Amino acid sequence: LLALSYMALIFPNKPLNTNNQAVFFQINEGSSVRTIISGLQEKGFIHLYDEPLFYAYIKLKGLQRGIQAGEYVFPLNITPAQLLNKWVKGDCIIH
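(A) Seen up close, helix H3 (residues 51-61). Here H3 has its buried residues at Glu51, Phe54, Tyr55, Tyr57 and Ile58. Along H3, the residues classed as buried sweep out an arc of 160 degrees about the axis, all on the same side. Opposite the buried face of H3, at more than 90 degrees from it, the exposed residues are Pro52 and Leu60.

This is the structure in structure tokens:
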């Protein structure tokens, strides 16, 4: 119960990082949620232990099919809720 509360209430609103540096992140057409989240971790944008929490949060929200492909820019101190909202809205860089 405590873990579920953390996942639903605290994790989505906790910044991914304390650094406010802006970073670029590419989501390719057809990328799975696991691939996207692994990409964040591989680039050092999130911690390894946050990977399963972020994945579960997206699944819990039912938005895994709503994430849009594109090149995104965001500060590292963005929250998972804000980042997911950005991805679903398709708030990406237009070239």
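Once you've had a look at it, read on.
(B) View of the pairing of strand E2 (residues 70-75). Here E2 shows a buried face lined by Gly70, Tyr72 and Phe74 and an unburied face lined by Glu71, Val73 and Pro75. As defined by bridge partners, strand E1 (residues 22-27) adjoins E2 across six bridges and the pair is classed as antiparallel. Within the sheet, the bridge partner assigned to alanine 22 lies in E2 and is proline 75.

(C) Expanded view of helix H4 (residues 80-89). Of all the residues in H4, the buried ones are Pro80, Leu83, Leu84, Lys86 and Trp87. Axial view of H4: buried residues confined to an arc of 155 degrees, hence all on one face. On its buried face, H4 sits against E1, helix H2 (33-42), H3 and E2. A positive backbone phi angle near 75 degrees is found at glycine 90, which sits one or two residues after H4.

(D) A look at the nonpolar core. Grouped together as the largest cluster of nonpolar side chains are 23 residues, with contacts concentrated most on Leu40, Phe54, Phe74 and Trp87. Breaking this core down by element, the ones donating at least two residues are E1, H2, H3, E2 and H4. Residues within four places of phenylalanine 54 in sequence aside, it is in contact with Phe11, Leu16, Ile37, Leu40, Ile46, Pro80, Leu83 and Trp87.

Rules used throughout
Residues numbered from 1 in each chain as written. Predicted model: local features only at pLDDT ≥ 70, side-chain atom pairs only at ≥ 80, totals over all residues. Heavy atoms only, no water. Buried < 20%, exposed > 50% of the residue type's maximum accessible area, 1.4 Å probe, protein only. Helix = DSSP H or I, 4+ residues; strand = E, 2+ residues; numbered from the N terminus. Arc of directions from axis to C-beta. Pairing = 2+ DSSP bridges. Contact = heavy atoms within 4.5 Å. Core = buried A, V, L, I, M, F, W, Y, C linked by side-chain atoms within 4.5 Å.

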